[in-house]
Amino acid sequence: MAGSNRNFGKQAEQAACVFLEQKGYSIVERNYRTRSAEIDIIARYNAFLVFIEVKARQGQRMGSAREAVTPVKQKKISLGAAFYLRENNLGEVRTRFDVIAVTRSRNDFEIEHIENAFQFFI
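The text that follows walks through the structure, step by step, so that each part is easy to find. The shown structure was predicted, so the numbers you read here are calculated from the model rather than taken from an experiment. (Residues numbered from 1 in each chain as written. Predicted model: local features only at pLDDT ≥ 70, side-chain atom pairs only at ≥ 80, totals over all residues. Heavy atoms only, no water.)

A word on the packing of aromatic side chains
The criterion, for reference: Classification of ring pairs uses Phe, Tyr and Trp, with its six-membered ring standing for Trp, and accepts pairs whose centres are within 6.5 Å; under 30 degrees between planes counts as stacked, over 60 as edge-to-face, and the remaining range as tilted. Counting from the N terminus, the helices are DSSP H or I runs at least four residues long and the strands are E runs at least two residues long. Burial classification: accessible surface area is computed with a 1.4 Å probe over protein chains only, and a residue below 20% of its type maximum counts as buried, one above 50% as exposed, and the rest as partly exposed. In this scheme, Lys NZ or Arg CZ marks a charge over a ring once it lies within 6 Å of the ring centre and within 35 degrees of the ring normal.
Scanning the entire structure with this criterion turns up 6 aromatic pairs. Judged by centre distance (4.9 Å) and plane angle (25°), the ring pair of Phe 97 and Phe 118 falls under stacked. Separated by 21 residues along the polypeptide, Phe 97 in strand S4 (residues 94-105) and Phe 118 in strand S5 (residues 108-118) bring together distant segments of the chain. Take Phe 118: its relative accessible area is 6%, and that puts it in the buried class. Taken together through their ring pairs, the aromatic side chains of Tyr 32, Phe 51, Tyr 84, Phe 97 and Phe 118 make up a single cluster. Above the ring of Phe 48, the side-chain terminus of Arg 96 is found at 5.6 Å from the ring centroid.

With respect to the sheet that holds strand S1 (residues 26-33)
Applicable threshold: The criterion for strand pairing is that DSSP finds at least two bridges linking the strands in question. Orientation is described by axes fitted as lines to C-alpha atoms, over the contacting stretch for helices, and by angles from 0 to 180 degrees between their N-to-C directions. Working rule for contacts: check all heavy atoms of both residues, and any pair within 4.5 Å makes them a contact.
Read from one edge of the open sheet, 5 strands run S1-S2-S3-S4-S5, paired in mixed fashion. In this open sheet, the two edge strands, each paired with only one partner strand, are S1 and S5. Taking the axes of each pair of neighbouring strands and ignoring which way they run, one obtains an average angle of 25° across the sheet. Bridging between S1 and strand S2 (residues 38-45) involves 6 bridges; their strand directions are antiparallel. Bridging from a neighbouring strand, Ile 27 pairs with Ala 43 of S2. This element, helix H2 (residues 71-87), spans S1, S2, strand S3 (48-57), S4 and S5 of the sheet and lies at about 145° to S3.

Regarding unusual backbone geometry
Here Asn 31, not a glycine, exhibits a phi torsion of approximately 55°, which is positive. Positive phi, normally seen in glycine, also occurs at Asn 89, with a value near 50°. Assignment of secondary structure puts Asn 89 in the loop between H2 and S4. Overall, the relative accessible area of 70% leaves Asn 89 in the exposed class.

A look at the pairing of S3
As a general feature of sheets, a regular strand has side chains that alternate between the two faces. Counted residue by residue, S3 has 7 buried out of 10 residues, so it is predominantly covered. Pairing of S2 with S3 involves 5 bridges; the strand directions are antiparallel. Of the residues in S3, the one forming a bridge with Tyr 45 is Phe 48. Between S2 and S3, which follow one another and run antiparallel, lie 2 residues, and Asn 46 among them has a positive phi close to 50°.

Regarding the pairing of S5
Pairing geometry for S4 and S5, over 8 bridges, is antiparallel. Paired with Ala 101 across the bridge in S5 is Glu 112. With antiparallel pairing between neighbouring strands as the criterion, S4 and S5 make up a hairpin whose turn holds 2 residues, including Arg 106 at a positive phi of roughly 60°.

Set out below in structure tokens:
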């Protein structure tokens, strides 16, 4: 089961990347990791560097994907983003935090893109 969940997560993340590219985003990095955080997708969109959390669900029984990005998760993403910005000397770049909720619907994905889902949280 864990393997199929991991595979579904990868499929959902790939679907999110295709969705973003179709909207004009340029993917900079995927699965950026620090010791305490992982950021699923880092992308450029207009003047923004966007840190994106992808949450995938195969149904609603575990709650919505959007609800899964808790304040604790937001703080981890924010800390990872701060590390990324320092590591890449990007102190002056405009940033935004988005969430992409991916739900499997039959054999397709439903994608909800929540722009500016939360504020920098450090």
